Amino acid sequence: MASLPCDAPLNINVSAYRVLFILLMLVRYRCLNMMELNRLLYENPLIGRVYNCETLTKYINTLREVGCEIPRSSSRNDYSYELNKTPFPLVLEPKEMAVAEKLLKQLEKQPNEELFKDYRDFLDQLSWAVKVPQQPTVETSEPVGVFPVLEMRREQIRTYRRYCLDAFMLEIQYQQTGGLKTIFLEPHEVIERENRLLLLGYDQQTQQQVSLDIGRIGKLKQLPSKNRRLVARTVVLFALYGRLAASYRLYPGEKVVYRSTQELHVKTLVSETSGLMGRLLKYGDACQVLSPESLRETMRAHIDQLLATLQEA
């Protein structure tokens, strides 16, 4: 077949392009009123104009003729164009649906209910795009019958995350081996590690980042002074080798920056490095911290101490 010259004009049906663009916007947003749709049309550099109701209705009718379920705009839907079903449905196997539902039930039992809600919302959105006969049934109501211990854990997460969002200094009575210690903390973040809830923050007395076991926090008082120090985050780059590089699954927030058959470089951003260091140490000689240099030195010193302890034993 003879190819067209590079300077040959493209034969594009402008009206067809507008119809396809409107379909794309309805698939993306599912429901748009005339003002919102015109804004998107105007912002498209290949269209760059707005249209009256009669013209838009003509384009919508074209989509209806090819099978798109778009009810007529009325006061019931705030005079919007709503795409009831996706024109490009996904087909899920029964095994895939079963796995999705099993994961939902597992997340429902986890202390961090935000994970459950986010995944449930994702399934709600996914159900719109799945072919009706195989559409997964997603429980949209709040979980009931939660164990008291689990509900207490969730309440702790909600409470301490609220403290972090408020960004007021906390006066904390913290239980240590030698007794109670008063800590003035600027709260930054709540994390889960090895079945423990930790409150990360900045200790005003030691001028250091600390992680407090929430289970050891006794009396707590929110002080009127606001946080003065922003959350300090560290960019960590580490390498994995051999079989671990091929089988490694990324943790939340991690990003692959280099990959080969025998090597994987991963970048992550952490508030405190002790938890990450503990995990990387478990990988042994199949893992190496590339940066920052301070963490490399900390890892090296920790390994040297372990080796010295083993030699003395």
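See the structure printed just above.
A brief report on the enclosed structure follows.

### Considerations on a nonpolar patch on the surface
1) Next: Together, Ile-303, Leu-307 and Leu-310 make up a nonpolar patch on the protein surface, roughly 290 Å² of accessible area in all.
2) Next: As for its position among the elements, Ile-303 is in helix H9 (residues 293-312).
3) Next: For Ile-303, a relative accessible area of 38% puts it in the partly exposed group.

### Observations concerning the pattern of salt bridges
1) Next: Evaluated as defined, the whole model comprises 7 salt bridges.
2) Next: One salt bridge connects Glu-43 with Arg-39, and the closest N-O pair in it is separated by 3.4 Å. Of this pair, Glu-43 and Arg-39 both sit in helix H2 (residues 34-43), 4 residues apart, which is roughly one turn of that helix.
3) Next: Among the residues examined, Arg-39 registers a relative accessible area of 45% and is labelled partly exposed.

### Section: the sheet that holds strand E7 (residues 217-226)
1) Next: Taken in spatial order, the 5 strands of this open sheet run E6-E5-E4-E3-E7, and their pairing is antiparallel. This sheet does not close on itself; its edge strands, each paired only once, are strand E6 (208-213) and E7. Each strand of the sheet is rotated relative to its neighbour by a mean of 45 degrees, with strand direction disregarded.
2) Next: Strand direction decides the pairing type here: strand E3 (residues 168-176) and strand E4 (residues 179-193), joined by 7 bridges, are antiparallel. Residue pairing across strands places Gln-173 opposite Thr-182, the latter belonging to E4.

Definitions and cut-offs
Residues numbered from 1 in each chain as written. Predicted model: local features only at pLDDT ≥ 70, side-chain atom pairs only at ≥ 80, totals over all residues. Heavy atoms only, no water. Patch = residues over 30% accessible without salt bridge, like charges linked within 9 Å, V, L, I, M, F, W, Y side chains within 5 Å. Areas by Shrake-Rupley, 256 points an atom, 1.4 Å probe, with all protein chains shown as cover. Salt bridge = Lys/Arg side-chain N within 4 Å of Asp/Glu carboxyl O. Helix = DSSP H or I, 4+ residues; strand = E, 2+ residues; numbered from the N terminus. Buried < 20%, exposed > 50% of the residue type's maximum accessible area, 1.4 Å probe, protein only. Pairing = 2+ DSSP bridges. Axes fitted to C-alpha atoms, helices over the stretch in contact; angles between N-to-C directions.

Everything listed here is a matter of coordinates, which is why it stays silent on function.
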